[in-house]
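Breakdown of the fold
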Amino acid sequence: MKNNKKTIGVDVDGVMLDISDPWMRYLKRRYPFKGVNQWNSDVENGCIDYNLGNYFNIPPTENSLKFFKYEKLYDKLSCYESARIVLQKLYEEGWNIIFISYCADCGSHAKSKAQMLQRECNFIAPEDFHFVQTKSKGVFAGLLTAFIDDRNSFINQLLNSEHDVLCIKKDTPYKQDEQLIHNVPVVQDWYDVYEILGENNE
């Protein structure tokens, strides 16, 4: 990674792709749906629980996040087309790209996630590909020019730092566990991200 380049930190789940559909299919095949009314209300109000297992009757002896223990979880998944297009533009314009993602259950699926990103973002040279699995995203603040995530708690880690990082929030229909320390740009897709980054370069 070249230090003289601008660098963007990129979350994966909810930002590069939507993992909720395969997770919901997995849960529906295995457990009774206990919260249909709650689910419908949360969907309508845009406050879905990040842990989809909470809408199902899952035995206490089982982990609601068992889905994420599958080592090949991301092998057949694809990124948003807009994410691929915009990241390729940024890379060709000289940006460093660091994928910073929390991998549930100590990273049993981390290899599959990294390989998916390499496959989907094959325009990134092998020596320029950077993938880090951590919940401590704020430790990268000193390296980053910009950062995009869908969770307020992770964005706040960057906002709490002493470094001036342009934080961008990817809009999702999920309930947040924290309020943002202060407002940041909220985007619907990656084309909005590209526009914001361009405005901040002017």
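A few points on the structure. (Residues numbered from 1 in each chain as written. Predicted model: local features only at pLDDT ≥ 70, side-chain atom pairs only at ≥ 80, totals over all residues. Heavy atoms only, no water.)

1. Remarks on the packing of helix 3 (residues 81-92) against helix 7 (residues 190-199)
- Remark: helix 3 packs on helix 7, axes separated minimally by 8 Å, with the N-to-C direction vectors making an angle of 25 degrees. By the angle between their axes, helix 3 is roughly parallel relative to helix 7. Counted together, Ser 82, Ala 83, Ile 85, Val 86, Leu 87, Lys 89 and Leu 90 of helix 3 and Trp 190, Tyr 191, Tyr 194 and Leu 197 of helix 7 form the full contact between these two elements.
- Looking at the contact of helix 3 with helix 7 residue by residue, the classes come out as nine nonpolar, one polar and one charged. (Axes fitted to C-alpha atoms, helices over the stretch in contact; angles between N-to-C directions. Helix = DSSP H or I, 4+ residues; strand = E, 2+ residues; numbered from the N terminus. Parallel < 35°, antiparallel > 145°, perpendicular 65-115°, else oblique. Contact = heavy atoms within 4.5 Å. Nonpolar A, V, L, I, M, F, W, Y, C, P; charged D, E, K, R; others polar.)

2. What about a positive patch on the surface?
- On the surface, Arg 25, Arg 29, Arg 30, Lys 66 and Lys 69 cluster together to form a positively charged patch.
- Mapping Lys 69 onto the fold places it in the loop between helix 2 (36-45) and helix 3.
- For Lys 69, a relative accessible area of 38% corresponds to the partly exposed category. (Patch = residues over 30% accessible without salt bridge, like charges linked within 9 Å, V, L, I, M, F, W, Y side chains within 5 Å. Areas by Shrake-Rupley, 256 points an atom, 1.4 Å probe, with all protein chains shown as cover. Salt bridge = Lys/Arg side-chain N within 4 Å of Asp/Glu carboxyl O. Lys, Arg positive; Asp, Glu negative; His and termini not counted. Charge placed at Lys NZ, Arg CZ, Asp CG, Glu CD. Buried < 20%, exposed > 50% of the residue type's maximum accessible area, 1.4 Å probe, protein only.)

3. Topic: the sheet that holds strand 1 (residues 7-10)
- One open sheet holds the six strands; their spatial order is 3-2-1-4-5-6, and the pairing between them is parallel. Either end of the sheet is taken by a strand with one partner, and the two such strands are strand 3 (130-133) and strand 6 (186-187).
- Where strand 4 (residues 146-149) meets strand 5 (residues 166-170), four bridges bridge the pair, whose relative direction is parallel. Considered in strand 5, the bridge of Ile 148 is made with Ile 168.
- Running over the sheet, helix 5 (residues 110-120) touches strand 2 (96-101) and strand 3 and is turned about 155 degrees from strand 3.
- Strand contacts of helix 6 (residues 152-159): strand 4 and strand 5, with the helix running at about 175 degrees to strand 5, the strand carrying the most contacts. (Pairing = 2+ DSSP bridges.)

4. Focus: the pattern of salt bridges
- The tally for this structure, following the rule as stated, stands at five salt bridges.
- When the shortest N-O distance is used, the salt bridge between Lys 113 and Asp 13 registers 2.9 Å. Of this pair, Lys 113 sits in helix 5 while Asp 13 sits in the loop between strand 1 and helix 1 (20-30), and the two are 100 residues apart along the sequence. Exposure class is identical for Lys 113 and Asp 13. Each is buried.
- Put simply, Asp 11, Lys 137 and Asp 149 are held in one network by salt bridges that share partners.

5. Here's the deal with the layout of surface pockets
- Size it by volume and the largest pocket reaches roughly 580 Å³.
- Partitioned by chemical class, the residues of the lining of the largest pocket number 12 nonpolar, five polar and nine charged.
- Empty space within the second largest pocket amounts to approximately 250 Å³.
- Along its surface, the second largest pocket is lined by Ile 19, Pro 22, Tyr 26, Lys 66, Phe 67, Tyr 70, Lys 72, Leu 73, Asp 75, Lys 76 and Leu 77.
- Of the residues in the lining of the second largest pocket, the class split is seven nonpolar, no polar and four charged. (1 Å grid on protein atoms, 1.4 Å probe; cavity = no way out; pocket = protein on both sides within 12 Å on 5 of 7 lines; lining within 4 Å. Points joined across faces, edges and corners; volume = space filled by probe spheres on them.)

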